[in-house]
Amino acid sequence: MHKPRLQLQASFDIAWLQYLDKQGRATQPLPEFASPDWLAHCFRQMQLARLVDDRAVKLQRTGRLGTYPSSLGQEAIGVAVGNALMKEDVYCPYYRETGAFLERGVLIEEILANWGGDERGQNFQHAPHDLPICIPIATQALHAAGVAFALQYRHRQQGTPLQVAVTSSGEGATSKGDFYEAMNLAGVWKLPVVFVVNNNQWAISVPRTAQTATQTIAQKAIAAGIPALQVDGNDVVAVAWAVRDAMARARNGEGPALIEAISYRLCDHTTADDASRYRSEEELKQARQWEPIRRLDAYLRSEGLWSDAKQQDLDRELAQVMEAALDNWESRPPEPATAIFDHLHAHLPEGLYEQYDQLRDEQTAGVRG
């Protein structure tokens, strides 16, 4: 069979970044921002995120919350992403982002309210720029591209500083058309948007190897002509550096980037899932050895920055924070029945006026009765 002579037109590499190895040892000098205070802050926030997730799962098991997606074992990604954003930037999250929400100032009681079916939980008091939690897979990537276009347009028209949109997803979302379309638009228009992919190895019950034939998730950015980097997602320093660097370049007008953060989902996909049906206990046991909190704990102790006494103090502090948030959540007055309309439309369509009035009147009569 005839074989033509081919000429190489392009080639690509995917780089990998790690600062703290699986044992919590530094592989290279840490960046300047990773001061002892910053590391201690991230350590606290990762533990708080784990505590919130743990309590939320327990609340769901007792029927007080709806389906809940824990971020157990993936806390470094959320905390690092949330920490890298400036106040005026826009975060377009998916659902597994407790750490990022806490860093953005979202209240614990708002997180609990949302997963308890109270739409007011997505009206973030301290993160008004951010979009609500997105449940449909990968649609938030397109939202982020749209937001980034608006930010770029306003910057060019008004001369305001360029803000950045950041969106997060699991690796399963990168198999959706929405994800590719968003990256393509971002690449063509050089939009100020950063795509952060939490590659936790499982999309519900489907392993990463059955989702895509690509060697890395990061290389999917090549098709869109945008830079990509693979980082150790259980290394909070590496994730933070990657996101900060990508955002700085986007803010400088250099366009989008994709970051693949390698982690592992130590929990079920959600409380509606039973991961023991499709993965082995041995696999889970191995993954627990390099989870992010354990890793940072090892590093801090090796540097003389942490101790059992400090951990006990932190445990007491976080327990108090959690109990106060639970009290605030439980004391929230119930939503009115009309909330089903209030949070669905910016302006109520005329065809729904009659239904709205009827529901309001029935509720008022019920309260009086």
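Structure: see above.
Residues numbered from 1 in each chain as written. Predicted model: local features only at pLDDT ≥ 70, side-chain atom pairs only at ≥ 80, totals over all residues. Heavy atoms only, no water.

Colleague: If you had to explain the overall build of the protein chain to someone new, which residues and values would you point to?
Modeller: Along the backbone of the protein chain there are 13 helices and eight strands. Expected size for 369 residues packed as a compact globule is a radius of gyration near 21 Å; at 22 Å, the protein chain falls within 12% of this value. Overall size of the protein chain, expressed as C-alpha extent along the three principal axes, is 85 × 55 × 50 Å. By the burial criterion, 49% of the 369 residues in the protein chain qualify as buried. If you sum the accessible surface of the protein chain, you get close to 18200 Å²; carbon and sulfur atoms cover 52% of it. Computed over 36 positive and 47 negative side-chain charges, the inter-centroid distance for the protein chain is 5 Å. (Helix = DSSP H or I, 4+ residues; strand = E, 2+ residues; numbered from the N terminus. Rg over C-alpha atoms; globule rule 2.2 N^0.38 Å. Buried < 20%, exposed > 50% of the residue type's maximum accessible area, 1.4 Å probe, protein only. Areas by Shrake-Rupley, 256 points an atom, 1.4 Å probe, with all protein chains shown as cover. Lys, Arg positive; Asp, Glu negative; His and termini not counted. Charge placed at Lys NZ, Arg CZ, Asp CG, Glu CD.)

Colleague: I'd love a proper account of the side chain of Gln230, names of residues and values included.
Modeller: With respect to the helices and strands, the residue Gln230 is situated in strand 7 (residues 228-232). Within the structure, the side chain of Gln230 is placed 3.0 Å from the side chain of Glu260, a separation counted as a polar contact. Look past the residues within four positions of Gln230 in its chain and what remains in contact with it is Ile14, Ala15, Trp16, Leu17, Thr216, Ala218, Glu260 and Ile262. (Polar contact = N/O pair within 3.5 Å; in protein donor to acceptor, adjacent residues only side chain to side chain. Contact = heavy atoms within 4.5 Å.)

Colleague: Which residues make up helix 10 (residues 292-302), and what values go with them?
Modeller: Of all the positions in helix 10, only Pro292, Ile293, Arg295, Leu296, Asp297, Tyr299 and Leu300 are classed as buried. Summarising the contacts, the buried residues of helix 10 are in contact with helix 1 (36-61), helix 2 (75-84), strand 7, helix 8 (236-251) and helix 11 (308-330). Where helix 10 begins, the capping side chain belongs to Glu291, and its oxygen is found 2.9 Å from the backbone nitrogen of Ile293. Immediately downstream of helix 10, the backbone of Gly304 shows phi near 75 degrees, a positive value.

Colleague: Got a sec to walk through the environment of Val239? Specific residues and values, please.
Modeller: Counting through the fold element by element, Val239 comes out in helix 8. Put simply, Val239 and Ala84 are 155 residues apart on the chain and 9.4 Å apart in space, counted from C-alpha to C-alpha. The residues touching Val239, leaving out its near neighbours within four places in the chain, are Ile77, Ala80, Val231, Asp232, Gly233 and Ala261.

Colleague: Tell me about the packing of aromatic side chains, and name the residues and values.
Modeller: In the structure shown here, the tally under the stated rule is 10 aromatic pairs. Ring centres of Phe43 and Trp306 lie 5.1 Å apart, and the angle between their planes is 90 degrees; this geometry places the pair in the edge-to-face category. Placement of the pair is Phe43 in helix 1 and Trp306 in the loop between helix 10 and helix 11, with a sequence separation of 263 residues. There is no split in this pair, since Phe43 and Trp306 are both buried. An aromatic cluster is built from Phe179, Tyr180 and Phe195, whose rings are joined through pairwise contacts. Of note, Lys22 hangs over the ring of Trp290, and the distance from its end group to the ring centre comes to 5.0 Å. For Arg244, the ring lying beneath its charged end belongs to Phe33, and the centroid distance is 4.1 Å. (Phe/Tyr/Trp six-rings, centres within 6.5 Å; stacked < 30°, edge-to-face > 60°. Lys NZ or Arg CZ within 6 Å of the ring centre and 35° of its normal.)

Colleague: So what's going on with unusual backbone geometry? Which residues, and what values?
Modeller: The phi dihedral of Ala138 falls on the positive side, at around 75 degrees, and the residue is not glycine. Relative to the helices and strands, Ala138 is located in the loop between helix 4 (108-115) and helix 5 (139-158). In the Ramachandran plot, Ile204 falls in the positive-phi region, its phi being about 55 degrees despite a non-glycine side chain. Here Ile204 is to be found in the loop between strand 5 (202-203) and strand 6 (206-207).

Colleague: Any details on the pairing of strand 7? Residues and values, ideally.
Modeller: Counted residue by residue, strand 7 has four buried out of five residues, so it is predominantly covered. Alignment of strand 1 (residues 16-17) against strand 7, held across two bridges, turns out to be parallel. Across the sheet, residue Leu17 finds its bridge partner in strand 7, namely Val231. You can see the chain leave strand 7, run along helix 8 and come back into strand 8 (residues 257-262), and the turn it takes is right-handed. (Pairing = 2+ DSSP bridges. Right-handed = clockwise from strand over helix to strand, strands pointing away.)

Colleague: Explain helix 2 to me, using residue names and the numbers behind them.
Modeller: Most of helix 2 sits out of view: 10 of its 10 residues are buried. All of the buried residues along helix 2 are Glu75, Ala76, Ile77, Gly78, Val79, Ala80, Val81, Gly82, Asn83 and Ala84.

Colleague: Please give an account of the pairing of strand 4 (residues 193-199) that cites residues and values.
Modeller: The element strand 4 is largely enclosed, with a buried count of seven among its seven residues. As paired strands, strand 3 (residues 165-170) and strand 4 are joined by six bridges and run parallel to one another. Across the sheet, residue Val166 finds its bridge partner in strand 4, namely Val194. Chirality of the crossover, the property in question, places the unit of strand 3, helix 6 (residues 177-189) and strand 4 among those that are right-handed.

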